[in-house]
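# Working through the structure, step by step
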Amino acid sequence: MIEGAKIAPLLKVTGSPLMKIGLFYGSTTCYSEMTAEKMQEFLGPETLDIHNIKETSLTRLKEYDLLILGISTWDYGELQEDWEAIWDELDNVDLKNKVIAFYGQGDQEGYTDWFVDAMGLLHDKLLPLGPRYVGYWPVEGYDFAESKALTPDQSHFIGLPLDDESQFDLSEQRISDWLTQVVEEYLELTAE
Ligand SMILES: Cc1cc2nc3c(=O)[nH]c(=O)nc-3n(C[C@H](O)[C@H](O)[C@H](O)COP(=O)(O)O)c2cc1C
């Protein structure tokens, strides 16, 4: 059980949610789905809605100001299949005024040359649509050869990589630290 004790005061005013966050994920073998459920447990279901993109219209993205997008990488740097199925539709989504954070499930040992590539592909795909991004995450603590999900200076991933194959023990702490960071960065951005 993980609890959002640290950020709860940021999210709630007199018991009602201060913001509604929408998490949209695609997941082939349920790892990204389980991550979404852990995130919902951490932030609370009154704050975080989760949607499987296989069963949800992209029009629902517009219901939220802060979006968390979860995507796993398959077959040597390829997109998760449900994201791939709606890839072209993403060009027509209105993301101006949206703030987005990404997480990606991958395997840094088995696929060390393509670690969480799909997260980077999704980040780059949506960039021209005008959103602002939060939740970049340091590369320290991971051991991989290459990734398309890195910042140009290679110091950070453009979202949170999770590796439930070889670093499962680290995932829960990463999730809680990252969500805290995402909410804080969002509040800072929108306070400007
Ligand atoms: C056939 C196969 C190909 C994979 N290819 C990659 C890859 O290129 N890069 C990567 O980081 N992880 C790769 N993975 C690891 C998956 O991303 C990982 O198992 C992830 O947890 C799956 O998440 P999902 O169940 O939410 O789809 C691959 C796994 C399998 C079984």
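Described below are features of the structure shown in this document. Per-chain numbering applies: the sequence of each chain, read as written, is numbered from 1 onward. Where local features are concerned, this predicted model is filtered to residues with pLDDT of at least 70; where side-chain atom pairs are given and counted, the filter is 80 or more; whole-chain, interface and lining totals use all residues. Just so you know, side-chain values use all the structure's heavy atoms and leave hydrogens and water out.

### A word on the site of the ligand
Taken together, 20 residues surround the ligand, and among them Ser 27, Thr 29, Ser 32, Ser 72 and Thr 73 come closest. Within 3.5 Å is the distance limit for a polar contact, defined as a pair of N or O atoms, with the added protein rule that one can donate a hydrogen and the other accept it, and that residues adjacent in sequence qualify only through two side-chain atoms. A distance of 2.8 Å is found between an oxygen atom of the ligand and a backbone nitrogen or oxygen belonging to Gly 77. Contact between the ligand and Val 116: an oxygen atom at 3.0 Å from a main-chain N or O atom of the residue. In isolation the ligand offers 640 Å² of accessible surface; the protein chains occlude 88% of this area. Going through the elements one at a time, helix H2 (31-43) and strand E5 (66-74) are the ones with two or more residues in the shell around the ligand. Secondary structure elements follow DSSP: runs of H or I no shorter than four residues count as helices, runs of E no shorter than two count as strands, and numbering proceeds from the N terminus. The element that contributes the greatest number of residues to the shell around the ligand is E5, accounting for 3 residues. Each residue is assigned to one of three groups, with Ala, Val, Leu, Ile, Met, Phe, Trp, Tyr, Cys and Pro labelled nonpolar, Asp, Glu, Lys and Arg labelled charged, and all others, Gly among them, labelled polar. Of the residues assigned to the shell around the ligand, the class counts are 8 nonpolar, 9 polar and 3 charged. Any residue with at least one heavy atom within 4 Å of a molecule or strand is counted as near it. Only the protein chains shown count as cover for residues, and all accessible areas are computed by the Shrake-Rupley method using a 1.4 Å probe.

### Details of the environment of Met 19
Turning to its location among the elements, Met 19 is positioned in the loop between strand E2 (16-17) and strand E3 (21-25). Separated by 96 residues in the primary sequence, Met 19 and Phe 115 place their C-alpha atoms 32 Å from one another.

### Structural notes on the pairing of strand E7 (residues 99-105)
With respect to burial, E7 is a largely interior element, 7 of its 7 residues being buried. Here E7 shows no split at all, with Val 99, Ala 101, Tyr 103 and Gln 105 on one side and Ile 100, Phe 102 and Gly 104 on the other all buried. The pairing of E5 with E7 spans 7 bridges and is classified as parallel. Among the inter-strand pairings, Leu 66 is bridged to a residue of E7, identified as Val 99. A pair of strands counts as paired when DSSP detects no fewer than two bridges linking them. With 2 bridges joining them, E7 and strand E8 (residues 132-133) adopt parallel strand pairing. Residue Val 99 lies in a different strand from E8, and its bridge partner there is Arg 132. Running through helix H4 (residues 117-126), the crossover from E7 to the neighbouring parallel element E8 is right-handed. Summary of the burial criterion: residues with accessible area below 20% of their type's maximum are buried, those above 50% are exposed, and those between are partly exposed, where the area comes from a 1.4 Å probe applied to protein chains only. A right-handed crossover is one whose linking path, passing over the helix from the first strand to the second, runs clockwise when the strands point away from the viewer.

### A short note on the pairing of E3
Counting buried residues along E3, 5 of its 5 residues qualify, which places the element largely inside the surrounding structure. Of the two faces of E3, both are covered, the one formed by Ile 21, Leu 23 and Tyr 25 as well as the one formed by Gly 22 and Phe 24. The sheet contact formed by E3 and strand E4 (residues 48-52) spans 5 bridges and is parallel. Looking at the pairing, Leu 23 lines up with Ile 50 of E4. What joins E3 to E4 is H2, and the crossover it makes is right-handed. Bridge count between E3 and E5: 5 bridges; the pairing is parallel. Its bridge partner being in E5, Tyr 25 is matched across the sheet by Gly 70.

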